[in-house]
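Structural overview for review
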Protein chains: 2
Amino acid sequence: MTYCCGILVRDGIVMIGDTRTNAGLDNISTFRKLHLFEEPGKRVMALASAGNLSISQTVVSLLSEGIENPETGERERLADAPTMFQAAQRVGRAVRMVYESDAKFMEDTEINFDVSFLFGGQVEGRRLRLFMVYAAGNFIECTTDTPYLQIGEHKYGKPILDRAVNYETDLYDALKIGLISMDSTMRSNLAVGLPIDIAVIRRDTFGIELNYRIMPGEPYFTDLRERWSAALRAAHIAIPRPPYATRPVEQMSIPEAIDTVLPRTGAHANAASAQLTAGQHTAKVLQQQKPKR
Amino acid sequence: MTYCCGILVRDGIVMIGDTRTNAGLDNISTFRKLHLFEEPGKRVMALASAGNLSISQTVVSLLSEGIENPETGERERLADAPTMFQAAQRVGRAVRMVYESDAKFMEDTEINFDVSFLFGGQVEGRRLRLFMVYAAGNFIECTTDTPYLQIGEHKYGKPILDRAVNYETDLYDALKIGLISMDSTMRSNLAVGLPIDIAVIRRDTFGIELNYRIMPGEPYFTDLRERWSAALRAAHIAIPRPPYATRPVEQMSIPEAIDTVLPRTGAHANAASAQLTAGQHTAKVLQQQKPKR
């Protein structure tokens, strides 16, 4: 498994990827999944992968060596794409090439053709852009409305991104929030783990501002995890306990009462409950078990 | 989709279930998925379901009407099971009956036989127990090590449970944390939604202490959501920004340097990087793009 996220804010792009791969739970290794392409001052690209490692590595190889364009006969590498859009198309073409060469054989051994990429960067004179490329080679682009994209094990780390990131977020705050998102994922899924690779690309600099690997025990990330845990603990402790109490049916309006509150007073569920199939039997059971009054 | 969680603490069990069902995104309905069976002072059971609604409803019907035991010839209902273990077995048998009658026809129309249940409660003179029943009819029991079980869309709401709940948690604190878990899930997955049904069973009371439905706009839950959002915001703002900076290869030990930090100084990745397949091509690309010095 893998978790990678890319965050696009006004000041730039943050890319974060873990390094754990696994074939089953008993075969865990470390592979870099965040690949950086840089021609300082001219172009910068970051490509993060999730899914089957043989596919993603082959895609990266193809993009590095170049793929022949059937229309022009030219070998096109990722690094010399004139725009980020055309670069994303090249990622998609490489995925499709691997699909055509490998998918049938993989499916014969019941292995899914599963791969996805985050691809962000900027070419001189062009916009900073962030894409997600699917296993079919098609892709979507990150916009300011939801300024992040995720691949791999995305669910555990999504709530904090949904709450905390917007397009105006500071670039290094975005990195921090991305690391919290990574922390949440690592806590719940063993198949996502340290080291974590991070990259920061500042808009209009056409270079990699930060390229860093967080190793186990690294002080800042350890501190972030402890602070976040402590803050969550304090946050839920500060919320008052629920004041709820079971209320008898009689005190409630009909729509709310239907199979909603099954009172302990012995009052029957009213006839309208028959319309709600899932609740009907419950009400019946209660009726059968309770002494008639 | 659905999200239900059951929390087992020293003082009792909390069961929480949303009520949203959907067939695609354009067909959303409300169905109660949390079913309560109570014979006050003698036994109490709560059954929450996820998955295909026709399966879960049929299982509840079978458990209410009773299933014939082939060995004894007796009709066995959920409500008259002598122990929670035997009751869980009855849930499993009902699932298998539906599988035998329906699964083939469902699979012919490419619908998976997908269902799961949380089943908790206590029979007089016996332990309070919480189970999760799978689509195959087998089941696991919640223990004090990880005092919660989840079905349906479980990932978004798992981190807070992992961090905040333990077996000694107060019963209504457990309910509160379960509601935070539900809130996180609802924010990230539209297929989980209000109203939310909750039930609290206090140990050794053999009755339902709280049976409540949280409707949209309900004041406590609205307040909980706002407080939690504000606390998370404050929590991530309080964490300092990452102090990371790209360091050139020369300053680092070899194992850390391999494909970890690709320096902007133009230094080549060292030869050892060839061992890391995923990173190799990146290093090559960087070498090709950078002017030799």
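Just above, that's the structure.
This one's a predicted model, so the numbers in the text were calculated from it and none came from an experiment.

Take the sheet that holds strand β12 (residues 148–152) of chain B next. Residue and element names in this part refer to chain B. The strand order across the open sheet built from 5 strands is β12-β1-β2-β13-β14, with neighbouring strands paired in antiparallel fashion. Edge positions in the sheet fall to β12 and β14 (210–214), since each of these pairs with one other strand and no more. This sheet shows a mean twist of 10° between the axes of neighbouring strands, independent of strand direction. Bridge analysis of strand β1 (residues 3–9) against strand β2 (residues 12–18) gives 6 bridges, and the strand direction is antiparallel.

A few words on the pairing of strand β13 (residues 196–202) of chain B. All names here are of chain B. The buried count for β13 comes to 6 of 7 residues, which makes it a mostly enclosed element. Where β2 meets β13, 7 bridges bridge the pair, whose relative direction is antiparallel. Bridging across to β13, I16 finds its partner in I198. Pairing of β13 with β14, which is carried by 5 bridges, proceeds in the antiparallel orientation. Residue A199 lies in a different strand from β14, and its bridge partner there is N211.

So, about the pairing of β2(B). Residue and element names in this part refer to chain B. Taking burial as the measure, the 7 residues of β2 include 7 buried ones, the bulk of the element. Across the two faces of β2 the burial is the same, with G12, V14, I16 and D18 and I13, M15 and G17 all buried. Hairpin connection of β1 to β2: 2 residues between the antiparallel strands.

The next thing to look at is the packing of helix α1 (residues 53–65) of chain A against helix α2 (residues 84–108) of chain A. All names here are of chain A. Where α1 contacts α2, the axes come no closer than 9 Å and their chain directions differ by 135°. The angle between α1 and α2 falls in the class oblique. Note on packing geometry: the crossing formed by α1 with α2 is right-handed. Contact residues: α1 offers I55, T58, V59, L62 and L63, while α2 offers R90, V91, A94, V95, M97, V98 and M106. Of the residues in the contact of α1 with α2, the class split is 10 nonpolar, 1 polar and 1 charged.

This paragraph deals with empty space enclosed by the protein. Under the criterion given, the structure shown has 3 cavities of 30 Å³ or more. Reported here for the largest cavity is a volume of approximately 160 Å³. Lining of the largest cavity is provided by 14 residues; of these, A:P159, A:S184, A:L232, B:P159 and B:S184 occupy positions nearest its centre. Contributing elements (two or more residues each) for the lining of the largest cavity: α3 (158–164) and α5 (219–238) of chain A together with α3 (158–164) and α5 (219–238) of chain B.

Residue and element names in this part refer to chain B. Taking 1.5 Å of rise per residue, 25 residues should cover 36 Å, and helix α2 (residues 84–108) covers 35 Å from first to last C-alpha, within 8% of that figure. Of all the bends found along α2, the most pronounced is centred on D102 and spans about 50°. Positioned one or two residues after α2, E110 has a phi angle of 60°, which is positive.

The tally for this structure, following the rule as stated, stands at 10 aromatic pairs over all chains. Judged by centre distance (5.8 Å) and plane angle (65°), the rings of B:F85 and B:F139 are edge-to-face. With B:F85 in helix α2 and B:F139 in strand β11 (residues 139–141), the pair connects residues that are 54 residues apart, well separated along the chain. Arranged with centres 5.0 Å apart and planes meeting at 90°, the rings of B:Y99 and B:F113 form a pair that is edge-to-face. Residue B:Y99 is found in helix α2, and its partner B:F113 is found in the loop between α2 and β9 (115–123); the two are separated by 14 residues along the sequence. Relative accessible area serves as the criterion here: at 41%, B:Y99 is assigned to the partly exposed category. Exposure remark for B:F113: the relative accessible area of 12% places this residue in the buried category. Taken together through their ring pairs, the aromatic side chains of A:F85, A:F131 and A:F139 make up a single cluster. Between A:K104 and the ring centre of A:F105, over which it is positioned, the NZ or CZ distance is 5.1 Å.

This brings us to the side chain of B:T185. Residues and elements named next belong to chain B. Structurally, T185 can be placed in helix α4 (residues 171–188). The exposure class assigned to T185 is buried, which follows from its relative accessible area of 0%. There is a polar contact of 2.8 Å between the side chain of T185 and the backbone oxygen of S181. Beyond its immediate sequence surroundings of up to four residues, T185 is in contact with Y3, E153, Y156, G157 and V192.

About the thresholds
Residues numbered from 1 in each chain as written. Chains lettered and ligands numbered in written order. Predicted model: local features only at pLDDT ≥ 70, side-chain atom pairs only at ≥ 80, totals over all residues. Heavy atoms only, no water. Pairing = 2+ DSSP bridges. Helix = DSSP H or I, 4+ residues; strand = E, 2+ residues; numbered from the N terminus. Axes fitted to C-alpha atoms, helices over the stretch in contact; angles between N-to-C directions. Buried < 20%, exposed > 50% of the residue type's maximum accessible area, 1.4 Å probe, protein only. Parallel < 35°, antiparallel > 145°, perpendicular 65-115°, else oblique. Left-handed = near helix turned anticlockwise from the far one by under 90°. Contact = heavy atoms within 4.5 Å. Nonpolar A, V, L, I, M, F, W, Y, C, P; charged D, E, K, R; others polar. 1 Å grid on protein atoms, 1.4 Å probe; cavity = no way out; pocket = protein on both sides within 12 Å on 5 of 7 lines; lining within 4 Å. Points joined across faces, edges and corners; volume = space filled by probe spheres on them. Expected span 1.5 Å × (residues − 1). Bend = angle between axes of the 7 residues up to and from the residue. Phe/Tyr/Trp six-rings, centres within 6.5 Å; stacked < 30°, edge-to-face > 60°. Lys NZ or Arg CZ within 6 Å of the ring centre and 35° of its normal. Polar contact = N/O pair within 3.5 Å; in protein donor to acceptor, adjacent residues only side chain to side chain.

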